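# Commentary on secondary and tertiary structure
Each chain, letter by letter, is given below.
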Amino acid sequence: PGILLMSGPMTVLEAITQAGGFARTGSRSNVALVRQGRNGRYQTLTVNVKKLLAGKADVEENLPLQPGDTVIVHG
């Protein structure tokens, strides 16, 4: 857990890698991206990193991060 500074474009998978990867109990198939919309409401997007790592997901599923996003790896 922690805060990562984005010096350039970063995806969900890159953020997890920079944070040290998954813990033993971390769910690779249930990663949440929480983002605040223009209307001030928060939306949660689910990313299946397991599929990304296996090459079974579209490249677009590795969502690009925006400033203020929160990535949550569920246990």
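Residues numbered from 1 in each chain as written. Predicted model: local features only at pLDDT ≥ 70, side-chain atom pairs only at ≥ 80, totals over all residues. Heavy atoms only, no water.

The next thing to look at is the sheet that holds strand β1 (residues 31–36). One open sheet holds the three strands; their spatial order is β2-β1-β3, and the pairing between them is antiparallel. At either end of the open sheet lies a strand with only one pairing partner, and these are β2 (42–47) and β3 (70–73). Taken over all neighbouring pairs, the strand axes of this sheet differ in orientation by 25° on average, direction set aside. Both β1 and β2 contribute to a ladder of six bridges, which runs antiparallel. (Pairing = 2+ DSSP bridges. Helix = DSSP H or I, 4+ residues; strand = E, 2+ residues; numbered from the N terminus. Axes fitted to C-alpha atoms, helices over the stretch in contact; angles between N-to-C directions.)

With that settled, the discussion passes to the pairing of β1. Of all six residues making up β1, five are buried, and the element is well covered by its neighbours. Following β1, the chain reverses through five residues before pairing antiparallel with β2; Gly-40 in that reversal takes a positive phi of roughly 90°. As defined by bridge partners, β1 adjoins β3 across four bridges and the pair is classed as antiparallel. Each bridged residue has a counterpart across the sheet, and for Leu-33 the counterpart in β3 is Val-71. (Buried < 20%, exposed > 50% of the residue type's maximum accessible area, 1.4 Å probe, protein only.)

To continue, consider the pattern of salt bridges. Following the criterion strictly, the structure yields one salt bridge and no others. Put simply, Arg-35 and Asp-69 hold a salt bridge, and the shortest N to O gap is 2.7 Å. Note that Arg-35 is positioned in strand β1 and Asp-69 in the loop between α2 (49–53) and β3, a separation of 34 residues in sequence. No difference in accessibility class separates Arg-35 from Asp-69, as the two residues are buried. (Salt bridge = Lys/Arg side-chain N within 4 Å of Asp/Glu carboxyl O.)

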